[in-house]
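# Coordinate analysis (summary)
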Amino acid sequence: MRLKLVNIFIIFCFIIPFTASMYINIITAFAGTSAPVLSLPEQSPAAGSYGNNAANGTPSQELPEPPQKESNIIELNDEKLSNGSVSGDAIVPENLLDESVIIKVFDRSTNEVVEMTLHDYVICAVAGEMPATFELEALKAQAVAARTFTVSHLKSSCSSNAAAHVCTYHGCCQAFVSVDRMKKNWGAQFEEKLAKITAAVEQTDSLVMLYNDLPITVFYFSTSNGYTDACQDVFVKNLPYYKSVESPGEETASGYYSYVKLSYKEFADTLFSKLGIAVSENDIENSVSITRTDGGRVKSISFNGKSVKGTQIRTAFGLKSADFHLTFLEDYILIEVYGYGHGVGMSQLGANYMAKQGNTFCDILNHYYINVDIKSYM
Ligand SMILES: [Zn+2]
C-alpha cells in the first residue's frame, strides 16, 4: 500500500502487551495520577445528539494532555509504509498498532495542538460520535470509520489548523469526548462504557477502509430516511464508493421525523435573506419545483426558475436533513423532515439496527461503503 503519510510518528522501544486486563489498564491509565489530566467541559452532549462528521453531532469537547508514553519518536516515512512494516531500528508492536501512531490534534477549546496516540484519539472520537449503548458491532464499524477519517488526514491536515491532522470540532473533523467528560457523562457506567468503546477500537485495531489502496473519504451521519445517497447528489464530489442503499429500521428513532412551521412571510424572508431568492409570499406554492435524489432527499429546488440545492435549503431553514416536504396550509407552510444528517455513507442508527440483526462490523461497512477493502493501514 502506498500511503504517503507524513507527520506520522511511530514509537519504538514501547510495546504494550495486549492482555485480557488491557481494558482495566486503560481505565486505570486514564484515571491514574500519571495519566493525562483532563479538563471538564461545561456542557454534555444532548441525549441522542450523536451525529456525523462535518454535518451535525455533538459539541466539541475538551482534549486530554498528550499521553506521556513514548520514549523515542521517529518519523514513519513513505518507504517504511510501502514496505508494509517498519524496518530498521523501529519496532512495531505486534498488537495495537494504533498505540504506535501519534497524531496531532487541534483542541478547539484551548487553541492548542496536542499529540496523542491514534488509539486514544479514536476512543474519544467514537465516544463523541456514537452512544456507548449501541451494539458492539456498530461501535466497531464506527471505530473503523473514525480511524479511516483520521488516517486519511495524515497526509494533509485539519482545515481549521494546518499544524494538526484533526481537530475536536465535529463540524470540521469529528466529535471528541475527553475521558474526564466520559466520567461526568456516564457516572457509575463509566468503566463499563469505556471498556465497551475501547473493545470496539482494539478489536478493529489499525483497520481502515481503502479504495484503490487509499483511505476513503469518510462520511457518516446520524439517522437516515430509509435510504442513503450518492456523494455527488449531496456534496459536489463524485466518490464511487457512495451509492444510494436501503437503510431500514430507523423509523422509530427520535431523529427520524421532525417538522418546522413557518408563515408564508417568514418563508419568503428566509429565502431572500439566506439565499438571495426573491419570491412573493403569495407566489411560493405556485413557483416551487423540486427534484429528488435516489434516496429521496431534495436534490434541487427552484422558485420561479431560480434553483438552489436541497442542502442549501436545509442549512438556511435549519432542517435536520434535506429530505423535506412542503405542505402549504392556510396560515403557514409545514416543512416535514425525515432523517438527521446529510445522508451519505453509514447511517449510525442503521448500523445499530444491522448489528441487532446479527451483522458484523464488516457487513455494516460493506453495506454502506461500496467495494471498499477493510484492511490494516500498515
Ligand atoms: Zn478539523
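It should be noted that the structure appears before, not after, this text.
So, here is what we can say about the structure in this document. Predicted model only: the values in this text are computed from it and were never measured. (Residues numbered from 1 in each chain as written. Predicted model: local features only at pLDDT ≥ 70, side-chain atom pairs only at ≥ 80, totals over all residues.)

### Structural notes on the pairing of strand β12 (residues 306–309)
Selection criterion: Any two strands between which DSSP finds at least two bridges are classified as paired. The numbering of helices and of strands both runs from the N terminus, where a helix is a DSSP run of H or I of at least 4 residues and a strand a run of E of at least 2.
In this structure, strand β11 (residues 298–303) lies alongside β12, joined through 4 bridges in antiparallel fashion. What sits directly across from Ser300, in β12, is Lys309. Linking β11 to β12, which pair antiparallel, is a turn of 2 residues; within it Asn304 sits at a positive phi near 55°.

### A few points about the sheet that holds strand β14 (residues 333–338)
This is how the line gets drawn: For every element, the axis is a line fit to its C-alpha atoms; helices are fit only across the contacting stretch, and the angle between N-to-C directions ranges from 0 to 180 degrees.
Ordered in space as β9-β14-β13, the 3 strands form an open sheet in which the pairing is antiparallel. Each edge of the open sheet carries a strand with a single partner, namely β9 (257–262) and β13 (324–328). For this sheet the average axis-to-axis angle between neighbouring strands, irrespective of direction, equals 20°. Where β9 lies against β14, 6 bridges are found, and the strand directions are antiparallel. Bridging from a neighbouring strand, Val260 pairs with Ile335 of β14.

### Describing the packing of helix α3 (residues 118–129) against helix α6 (residues 190–202)
Short version of the rule: Oblique is the label for any angle not under 35 degrees, not over 145, and not in the 65 to 115 range, which are roughly parallel, roughly antiparallel and roughly perpendicular in turn. For any pair of crossing helices, the crossing counts as left-handed if the nearer helix is rotated counterclockwise from the farther one by less than a right angle, and right-handed if it is rotated clockwise. What counts as a contact here is a pair of residues whose C-beta atoms, placed from the backbone, lie within 7 Å. Amino acids outside the nonpolar list (Ala, Val, Leu, Ile, Met, Phe, Trp, Tyr, Cys, Pro) and the charged list (Asp, Glu, Lys, Arg) are all regarded as polar, and Gly is one of them.
Direction vectors running N to C along α3 and α6 enclose 125°, while the axes themselves pass 9 Å from each other. One element, α3, and the other, α6, form an angle in the oblique class. As α3 packs across α6, the resulting crossing turns out to be right-handed. Along its contact with α3, which presents His119, Val122, Ile123, Val126 and Ala127, the element α6 presents Ile197, Thr198, Ala200 and Val201. By residue class, the composition of the contact of α3 with α6 is 7 nonpolar, 2 polar and no charged.

### Description of the sheet that holds β12
Sheet architecture is open: 3 strands sit in the order β10-β11-β12, paired in antiparallel fashion. One side of each edge strand has no neighbouring strand; the edge strands of this open sheet are β10 (288–292) and β12. Going from strand to strand, the sheet's axes swing by 20° on average, the running direction of each strand aside. Pairing between β10 and β11: 5 bridges, direction antiparallel.

### Focus on helix α12 (residues 361–368)
Note the following rule: Partly exposed residues are those falling between the two cut-offs: more than 12 but fewer than 20 other C-beta atoms within 10 Å of their own, whereas 20 or more means buried and 12 or fewer means exposed, with C-beta atoms placed from the backbone. Directions are taken from the helix axis to each C-beta atom, and the arc is the one they span.
Taken residue by residue, α12 has Phe361, Ile364, Leu365 and Tyr368 as its buried positions. Seen along its axis, α12 keeps its buried residues to an arc of 90°; they face one direction. Looking at the buried side of α12, the elements it contacts are α4 (136–152), β6 (207–211), β15 (346–347), α11 (348–356) and β16 (373–376).

### Some thoughts on the environment of Thr148
Within the element layout of this structure, Thr148 appears in helix α4. When the C-alpha atoms of Thr148 and Ile374 are compared, they prove to be 9.8 Å apart, with 226 residues separating the residues in sequence. Look past the residues within four positions of Thr148 in its chain and what remains in contact with it is Val208, Met209, Pro215, Ile216 and Val218.

### Description of helix α10 (residues 310–317)
Because an α-helix packs 3.6 residues into every turn, residues spaced three or four apart end up facing the same way. Of all the positions in α10, only Gly310, Thr311, Ile313 and Arg314 are classed as buried. The arc that holds every buried residue of α10, seen down its axis, measures 160°, which confines them to one face. Contacts made by the buried residues of α10 are with α7 (231–234), β11 and β12.

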